[in-house]
Amino acid sequence: NALFVLNRCDDLRRLSRHAASFLRELLGERLFATIHADEAVPEAAAMMQPLGRHAPASAALADLGVLAERVARLCAASQATRSRDDGNDASESHAA
């Protein structure tokens, strides 16, 4: 169950828009997130500062926040499923 993140998407460039549209159509729900191209990212790296400090209004920072929330929800759901499955395994072994 692979998920994909589209990185450095630039809506101002036609090729980037078309590529993003194609990938959205091709991947559907497997396209997990899109991170927009943002010059603040390499600028923050060059200044050795966290992106949130260098450019708190950065589009890429907002996209990364959305990605982080989605990953956290996915991990929580996976953990809940695993815990539920472990509980079922334990009750089945006691019944045997």
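Look up: the structure comes first, before these words.
Bear in mind that the values here come from a model prediction, so they are computed numbers and not experimental data.

Participant: Just to check I follow, could you spell out the overall build of the protein chain for this structure?
Facilitator: Regarding its fold elements, the protein chain presents 4 helices and 2 strands. Its helices and strands in sequence order give the protein chain the pattern β-α-β-α-α-α, from N to C terminus. Computed over the C-alpha atoms, the radius of gyration of the protein chain is 19 Å, more than 25% above the 12 Å expected from 2.2 N^0.38 for a compact globule of 96 residues. If one aligns the C-alpha atoms of the protein chain with their principal axes, the spans along those axes are about 60 × 35 × 15 Å. Expressed as a percentage of its 96 residues, the buried residues of the protein chain come to 20%. Put simply, of all contacts in the protein chain between residues at least 6 apart along the chain, 56% involve residues at least 24 apart. In the structure as shown, the protein chain presents an accessible area of about 7,200 Å², 57% of it carried by carbon and sulfur atoms.

Participant: Explain helix α1 (residues 14–27) to me, please; I cannot follow it from the model alone.
Facilitator: Along an α-helix, residues three or four positions apart point the same way, because every turn accommodates 3.6 residues. Spanning 14 residues, α1 covers 20 Å between terminal C-alpha atoms, matching the ideal 20 Å at 1.5 Å per step. The set of residues buried in α1 consists of Ser16, Ala20 and Leu27. Looking straight down α1, one finds its buried side chains confined to an arc of 50°; they lie on one side. Of the exposed residues in α1, the ones pointing more than 90 degrees away from its buried face are Arg14, Leu15, His18, Phe22, Glu25 and Leu26. The secondary structure elements touched by the buried residues of α1 are β1 (4–9) and β2 (31–36). Glycine 28 sits one or two residues past α1 and shows a positive phi near 55°.

Here is what the cut-offs are and how they apply
Residues numbered from 1 in each chain as written. Predicted model: local features only at pLDDT ≥ 70, side-chain atom pairs only at ≥ 80, totals over all residues. Heavy atoms only, no water. Helix = DSSP H or I, 4+ residues; strand = E, 2+ residues; numbered from the N terminus. Rg over C-alpha atoms; globule rule 2.2 N^0.38 Å. Buried < 20%, exposed > 50% of the residue type's maximum accessible area, 1.4 Å probe, protein only. Contact = heavy atoms within 4.5 Å. Areas by Shrake-Rupley, 256 points an atom, 1.4 Å probe, with all protein chains shown as cover. Expected span 1.5 Å × (residues − 1). Arc of directions from axis to C-beta.

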